[in-house]
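Below, each chain spelled out in residue letters.
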Amino acid sequence: MTITTTPGVLPADDLRLAKTPSRISWGAIFAGVVLAIAVQLVLGILGTGIGLTLVDPVEGTTPGAAGFGIGAGLYWLVTTIIALGAGGYAAARVAGVHDRFDGLVHGLVVWGVTLILTLYLLTSAVGGIIGGAFRTVGSVATAAGTGIGAAAPKVADVAGVDTGDVREEAAAYLSDAPSDPAQMTSEQAQKEVAKQLPALARGGPDGARAESRIVDIVAAQRKIARPEAQAQVTRAKAQFVKTKDETIATAKSATDTAAGAAAGTSFMVVIALLIGAAAAGAGATAATRRRI
């Protein structure tokens, strides 16, 4: 059987066996990623050196924290654009792509791989420290928002203090305190009042009993009538509640401010990442070779 072929045309069997060439060159992408990270590191070290030259504590010409932070953020954005643009350009050039869309894909893949690799390096190196810090901040914020009664054990946990040991120590201090307020020393009276304050802050039946106990102690220690002692305790209680409410409000306001700042930072980071993607894509499409 004779197979007739036309010059420039593959036989049918060869057409079935022919493979479509890959439009993605992972070797070129890897080269672009390496170049992007290297450029980013070099420019980052250069920026650190420039920033340190601006610090002059002797003359007092050191820039403010706000201005320094804005300058550092802008410098990071510019260096990211340069690094990703260079990485995307190198990837498309080495891959030898002729289609602008193929070049754009190479640039975006360089951006994506660089981003994933950078996040991995950051989380593997300092993720434990950052995670621990955020967990501590979260615990303190939760403690501040739940009132003094619930805050004490949570703050103790954050500080690494065993609340059981605290209770045992407090019991040891108060074990020899007489139940009659008139027989208490000044130090014993102060400790007994401090012991009643958490119940007073919680309110309810326990708070009423704690307030009555404090009134008895004040009347006995100051040798005044019980109504007068009640008036003094009422004024002190109002001031105590006011201070507690102000502390909780301040903690909530600080948490609110921190959350707002974190949200703003997140939006800025997203915008910066999109700008980086655009830079990588633009660099790659600029390197697209024309067909001869």
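In case you missed it, the structure is sitting above this.
Everything numeric here is computed off the predicted structure, so don't read it as measured data.

A.B. asks: How should I be thinking about the pattern of salt bridges in this particular structure?
C.D. replies: Close approach of charged atoms lets side chains of opposite charge pair. All chains considered together, the criterion is met by four salt bridges. The partner of Lys191 in a salt bridge is Glu187, with the nearest N and O atoms 3.2 Å apart. Of this pair, Lys191 and Glu187 both sit in helix α7 (residues 186-202), four residues apart, roughly one helical turn. Here Arg209 and Asp206 are joined by a salt bridge, their closest N and O atoms 2.3 Å apart. Of this pair, Arg209 and Asp206 both sit in helix α8 (residues 204-222), three residues apart, which is roughly one turn of that helix. Since its relative accessible area comes to 54%, Arg209 is described here as exposed.

A.B. asks: Is there a simple way to explain α7 in this structure?
C.D. replies: Each turn of an α-helix holds 3.6 residues, which means side chains three or four residues apart point in the same direction. Taking 1.5 Å per residue as the helical rise, α7 with its 17 residues ought to reach 24 Å, and the 25 Å between its terminal C-alpha atoms agrees with that figure. The largest bend along α7 measures about 30 degrees and falls at Gln196, with the proline Pro198 one to four residues further on. In the segment just after α7, Gly203 is the residue with positive phi, at about 80 degrees.

What counts, and where the lines are drawn
- Residues numbered from 1 in each chain as written.
- Predicted model: local features only at pLDDT ≥ 70, side-chain atom pairs only at ≥ 80, totals over all residues.
- Heavy atoms only, no water.
- Salt bridge = Lys/Arg side-chain N within 4 Å of Asp/Glu carboxyl O.
- Helix = DSSP H or I, 4+ residues; strand = E, 2+ residues; numbered from the N terminus.
- Buried < 20%, exposed > 50% of the residue type's maximum accessible area, 1.4 Å probe, protein only.
- Expected span 1.5 Å × (residues − 1).
- Bend = angle between axes of the 7 residues up to and from the residue.

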